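Coordinate analysis (summary)
For reference, the chains in residue letters:
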Amino acid sequence: MEARAEGEAAAGSPPSLFELSGAVVSAAMGALEREVWALPGQILQGILPLLNIYYLERIEETAVKKGLSTEPVWHKLWNDVMKIRPPKSENIASWRKKFLETFFSNVLHGVLDVSSDQRLSDQRFSPLLLSSRHVTQLTICNMLQGVAELTAQPNQRVLENLASSLRTLKFRHLLTSDLSIRQSLSLLLHRLIHHGAVSQVSMCSWPVPDKILLVLILTMSAGFWHPGRTLVDQGRPCSLCREESGAQSLLTQEDDALFRSNQLCCGSTQQSEPGQQSEPGQGGDRETRSKTVQFVSPKLLLEADPDSHASTELSRSSSCTVKTPVLCGSRSHPLQNLACPDVRYKVPPGHCNLKDSSSSLTERCSASPTFQKPYRRFKPPVGRKRRCPRRSRRAHADPEDLYDFVFAVAREEEEIAESLYESGAQEGETIDGWAPSAADTPSLEGVGCTGGSVGILPLKPACRFRSVSALELFSIPLTGDTCRTLGNLLSSWASLEKLVLSYNGLGANIFCILSGLRALSHRSDGSLQVVRVSDVFSHIASVELVWSILSAYPRLHTLSISFDLKNQLEGNRPEGHWSSLEAEIPESCLEQLEIRFPREALQTSLLLPVLKASRSLQQLSLDSATVSCPLEFGLLLQTLRECNPGLKRLSFHDVNLADYQKEVLLLLQDPVLQEITFSFCRLFENCTPEFLSDIIKIVKSNSTLKSLKLPGNRLGNHRLVALADIFSEDSSSAICQLDVSSNCIKPDGLLEFAKKLESHILQRGGQIKFTHLRLFQNWLDQDAATAQEALRRLKAVCSVVSNTWDSSQAFADYISVM
């Protein structure tokens, strides 16, 4: 601060005595902080701009109590440090939060050097710790920069702050990462999602996704986590998991004795060296007796750590009652009892080798830190034998292959499914003594996904934690295996409310997603409300996909389907996917439906049943559809009037309605619609002079319609001026918003419209409901002075939204309306 004051003096503007004193005070804030807080508000206001960001943040509460605002200081800091104008800066409610959130991201990614500005640097404070409380959205890019730093021990308080404040986690332009970084990411996701407040995970721009990394993010977002070697390699357990499980049952003395004798410990038990004494509260028999452990089947231990030879040996041992401890989470989910049962397998004699298995696991556990966690044990019903699923002879995949513990595929799927459902049908239970309900177990109907998988199987027993409520995948190619993984995750993702799949090249793999949604629909606790799917090519017709999705999950509230082009291989559709189209579509809860057709027919034969089943529909948008005849369009309008009485918003975009003037007039007469959009629909391409007069007459008498949007319909000057009569003295129109963008409007026509509008307002005594006018992409640059005069007049009447646009690009449109 003193250096800045000296710089100002050297520049010819000597600082005042107050500024010099303030600079000295700000430099000594470490010793004078409390005294500064006690200063009168007028003096404190002059000191605020001289403080660094750390003391400026600390003094925030005191400043508010004294009636002072730090917002101007934070705004100036943004301009001086960030040196960019943020988008929609006029809508920023708090520059303090905006600065600190951006500051955190830039410091974490190494974009900003805090030593570059004295206001950003203070050796007594941590930049990340200061700003972490204000971060609601965090973006992780490229090689996962910053992940290892956030999970490092010195930044535990930073991670705690993020767990409380962070709501959205974004991944962009990710690249392949090594094992250590993936383990750090696993711990980060576990803290921020499973024990944090993150509700949305978004991934975008990943042209060649790393399969392991992608499935790791998807799986942990869905609330599943198999710690495996992660906690062992990182050398520390999750303290929150340990605390949450502390209230559950403890080991009995018998189990404790067995636990210590066999040394089958999955927790950290560091034995004291000879001659050393345990520290109070950290060792001795008392602590050993208080430690708890959780038992699962040998199969689950193998899945949690596929690389463990001890796990393999235990899974092969038989003829004995085997208890295997494993670290696992516990959450309120139908699978939680399955994750940690007390399992006793009865297998043919002659293969039991518990001694060798125990010694193998003992050696492994002694070689690396291990961890215990208390969990409640579940005893199997008396008198029932356990059936062990047949083991696949196929060698296990790579230890880091996350597919092994997300779902079973191919031949192993069929073998496990056969044993699982046979035993469930005959004995009313499945492996590990858990009997699933219809809501917990998805059906095994064919899904037809490429790759040979048959059906959606229940997720294998796993550690189940809190999951996010929104998942968005943009521009990430999804293979058949990844889609099957996502489908399996969706089948039990009860907390998911929003799913966005955009440009993922799904193709036929969309049916894996549909099967997951169908399984999820059987759950009474499913929360999914919004599904948005967009892609370049459509594997099936758009309305057919709408039908299939609503049939799979009729509880959706919002459904958006968008395709750019039709699939040229339309004839190569897998068989067995259209059974849902043969049955009547169930009544749905749909409120908003958006369909962008890839220049294909409207398909009213399928669309009309969808509309009839969606009696709660409030908003319908049809884009780039082809209407074959007036009868087809008339049937659509008739269905909307009869079956969708609550429809408030109707939108047509890039639909040629030049020959459907009668139907357009009927829509404008609808007594329920509040917003109608005809965007680039060529309304006035071949219209008669009476058509515009009829539109004005109908809109003037409609007291329900509040928004009329007519962009891209070649209005021209004379039609725009005529539209001003909607607001005449004899009008009962309720129009508040009018959109005439991209309509070849010139400055002189806009000025005439403004004058005519002013005349109608005067006649009505200034009483008018018109509040918003949109004028994007019109020819207002041809006469800047006239355009400015017209905009000045209009802004005195309503809010005007316009832009500077080069009208020379629209010469073809100009010729068409001359």
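In this text the structure is predicted, and so the values were computed from the model without any measurement.

A separate point is the overall build of the protein. A tally of helices and strands in the protein yields 35 helices and 19 strands. For the protein, the accessible area works out to roughly 37,300 Å², and carbon and sulfur atoms hold 50% of it.

Here the focus is the packing of helix α25 (residues 510-521) against helix α26 (residues 542-552). It is at 8 Å that the axes of α25 and α26 come closest, and there the two elements cross at 30°. Regarding the angle of α25 to α26, the classification is roughly parallel. Counting all contacts with α25, which are made through Ile510, Leu514, Leu517, Arg518 and Ser521, the residues of α26 involved are Leu545, Ser548, Ile549 and Ala552. Taken together, the residues of the contact of α25 with α26 sort by class into six nonpolar, two polar and one charged.

The final tally for this structure, using the stated rule, is 25 salt bridges. For Arg532, the salt bridge identified is with Glu594, shortest N-O distance 3.4 Å. Remark: Glu594 occurs in strand β12 (residues 592-601) and Arg532 occurs in strand β10 (residues 530-538); sequence separation between them is 62 residues. Residue Arg532 is classed as partly exposed on the basis of its relative accessible area, which comes to 28%. Between Arg793 and Glu789 there is a salt bridge; the shortest N-O distance is 3.0 Å. Of this pair, Arg793 and Glu789 both sit in helix α34 (residues 784-795), four residues apart, which is roughly one turn of that helix. Salt bridges sharing partners connect three or more residues here, namely Glu57, Glu60, Arg96 and Arg133.

Below, the discussion takes up the environment of Leu606. Checked against the element boundaries, Leu606 lands in helix α28 (residues 604-613). Exposure remark for Leu606: the relative accessible area of 15% places this residue in the buried category. For Leu606, the residues in contact, after removing those within four places along its chain, are Val543, Glu544 and Trp547.

In the structure shown here, the tally under the stated rule is eleven aromatic pairs. Where Phe633 meets Phe652, the ring centres are 5.6 Å apart and the plane angle is 65°; that geometry is what we call edge-to-face. With Phe633 in helix α29 (residues 630-643) and Phe652 in strand β14 (residues 649-653), the pair connects residues that are 19 residues apart, well separated along the chain. Per residue, the accessibility class of Phe633 equals that of Phe652, and both read buried. Among the aromatic residues, those joined into a ring-pair cluster are Phe633, Phe652, Tyr660 and Phe678.

All right, on to the environment of Arg191 then. Summarising the element assignment, Arg191 is placed in helix α12 (residues 179-194). Separated by 32 residues in sequence, Arg191 and Leu159 place their C-alpha atoms 7.7 Å apart. Beyond its immediate stretch of four places on either side in the chain, Arg191 contacts Leu159, Glu160, Ala163, Gly196 and Leu240. At 3.0 Å, the side chain of Arg191 forms a polar contact with the backbone oxygen of His195.

Before going further, it helps to spend a moment on the nonpolar core. Counting residues in each nonpolar core, the largest one holds 180 residues, and the members touching the most others are Phe99, Phe652 and Phe678. Not counting residues up to four positions away in its chain, the partners in contact with Phe99 are Ile53, Trp74, Leu77, Trp78, Val81, Met82 and Leu120.

Of note, Asn488 is situated in helix α24 (residues 480-490). A polar contact of 2.7 Å, which involves the side chain of Asn488, links it to the backbone oxygen of Arg484.

Among the eleven residues of α24, ten are classified as buried, and the element is accordingly described as predominantly covered. Those residues of α24 that fall on the buried side of the exposure criterion are Gly480, Thr482, Cys483, Arg484, Thr485, Leu486, Gly487, Asn488, Leu489 and Leu490.

Residues in a regular strand point their side chains to alternate faces of the sheet. Burial analysis of strand β9 (residues 498-502) places four of its five residues in the buried class, the great majority of the element. Across five bridges, strand β8 (residues 470-474) lies against β9 in parallel orientation. Across the sheet, residue Leu471 finds its bridge partner in β9, namely Leu499. Crossover β8 to β9 through α24 is right-handed. Tracing the backbone out of β9, into α25 and back to the parallel element β10 gives a crossover that is right-handed.

A few words now on a nonpolar patch on the surface. A cluster of nonpolar side chains, Tyr503, Val536, Phe537 and Leu565, forms an exposed patch at the surface whose accessible area comes to about 330 Å². You can see Val536 is positioned in strand β10. Exposure remark for Val536: the relative accessible area of 30% places this residue in the partly exposed category.

Within the secondary structure, Arg96 sits in helix α8 (residues 95-108). We classify Arg96 as buried; its relative accessible area is 18%. Apart from the residues within four sequence positions on either side, Arg96 is in contact with Glu57, Glu60, Thr70, Glu71, Trp74 and His134.

Phi at Ser205 is positive, roughly 55°, even though this residue is not glycine. Residue position: Ser205 is located in the loop between β3 (200-204) and α13 (211-221). Given a relative accessible area of 29%, Ser205 falls into the partly exposed group. A positive phi angle, near 55°, is found at Tyr503, a position not held by glycine. Turning to its location among the elements, Tyr503 is positioned in the loop between β9 and α25. Exposure remark for Tyr503: the relative accessible area of 31% places this residue in the partly exposed category.

Below, the discussion takes up the packing of helix α33 (residues 747-763) against α34. α34 packs onto α33 with a crossing angle of 25° between their chain directions and a minimal axis gap of 8 Å. Considered as vectors, α33 and α34 are oriented roughly parallel to each other. As for the relative orientation of α33 and α34, their crossing is left-handed in sense. Residues Pro747, Asp748, Leu750, Leu751, Phe753, Ala754, Lys755, Leu757 and Glu758 of α33 form the contact with α34, whose own contacting residues are Thr786, Ala787, Glu789, Ala790, Leu791, Arg793 and Leu794. Grouping the amino acids of the contact of α33 with α34 by side-chain chemistry returns ten nonpolar, one polar and five charged.

Here the protein averages 75 in pLDDT, and 67% of its residues register 70 or above. Counted against residues more than four places away or in other chains, residues 247-461, with its pLDDT under 50, gives 377 contacts. In this model residues 574-579 is a low-confidence stretch, pLDDT under 50, and it forms nine contacts with partners more than four residues away in sequence or in other chains.

In this model, α33 (17 residues) spans 25 Å end to end at C-alpha, consistent with the 24 Å of a helix rising 1.5 Å per residue. Listed in full, the buried residues belonging to α33 are Pro747, Gly749, Leu750, Leu751, Phe753, Ala754, Leu757, His760 and Ile761. Two residues or fewer past α33, Gly765 is found with a positive phi of approximately 70°.

Next up on the list: the environment of Leu138. Counting through the fold element by element, Leu138 comes out in strand β1 (residues 137-141). As for Leu138 and Ser105, which are separated by 33 residues in sequence, their C-alpha atoms are 7.1 Å apart. Setting aside residues no more than four positions away along its own chain, Leu138 makes contact with Phe104, Leu108, Leu150, Leu166, Thr168, Leu169 and Lys170.

Reading guide: rules and limits
- Counting from 1, residues in each chain are numbered in the order their sequence is written.
- Selection of residues for local features in this predicted model requires a pLDDT of at least 70, selection of side-chain atom pairs for listing and counting requires 80 or more, and totals for whole chains, interfaces and linings are taken over all residues.
- Hydrogens are left out, water is left out, and the side-chain values use all remaining heavy atoms of the structure.
- Secondary structure elements are defined from DSSP: runs of H or I of at least 4 residues count as helices, runs of E of at least 2 residues count as strands, and each element is numbered from the N terminus.
- Surface accessibility in these figures is a Shrake-Rupley result with a 1.4 Å probe; residues are shielded only by whichever protein chains are displayed.
- Here an angle of 0 to 180 degrees is reported between the N-to-C directions of two axes, which are lines fitted to C-alpha atoms, with helices fitted over the stretch in contact.
- Put simply, angles under 35 degrees are roughly parallel, angles over 145 are roughly antiparallel, angles from 65 to 115 are roughly perpendicular, and the rest are oblique.
- The contact definition used throughout considers only heavy atoms, calling two residues in contact when any of these lie within 4.5 Å.
- Residue polarity follows a fixed list, in which Ala, Val, Leu, Ile, Met, Phe, Trp, Tyr, Cys and Pro are nonpolar, Asp, Glu, Lys and Arg are charged, and the others, Gly among them, are polar.
- Just to be clear on terms, a salt bridge is a Lys or Arg side-chain nitrogen sitting within 4 Å of an Asp or Glu carboxyl oxygen.
- The buried label goes to any residue with under 20% of its type's maximum accessible area, the exposed label to any with over 50%, and the partly exposed label to all in between, with areas taken from a 1.4 Å probe on protein chains only.
- Side-chain rings of Phe, Tyr and Trp (the six-membered ring for Trp) are treated as a pair once their centres are within 6.5 Å; stacked means planes under 30 degrees apart, edge-to-face means over 60, and tilted covers the remaining angles.
- Here a polar contact is recorded for every N or O atom pair within 3.5 Å, except that within protein the pair must consist of a potential hydrogen donor and a potential acceptor, and residues adjacent in sequence are included only if both atoms are side-chain atoms.
- Residues belong to a common nonpolar core when they are buried Ala, Val, Leu, Ile, Met, Phe, Trp, Tyr or Cys residues joined through side-chain atoms within 4.5 Å.
- Strand pairing is assigned whenever DSSP identifies at least 2 bridges connecting the two strands.
- Seen with the strands pointing away from the viewer, any crossover whose path from the first strand over the helix to the second strand runs clockwise is right-handed.
- Patch building starts from residues that exceed 30% relative accessible area and form no salt bridge, then joins like charges within 9 Å and nonpolar side chains (Val, Leu, Ile, Met, Phe, Trp, Tyr) within 5 Å.
- Left-handed is the label given to a crossing in which the near helix is rotated counterclockwise from the far helix by less than a right angle, and right-handed is the label when the rotation is clockwise.
- pLDDT expresses how confident the predictor is about each individual residue, on a scale running from 0 to 100.
- Here the expected span of a helix is defined as 1.5 Å times the quantity of residues minus one.

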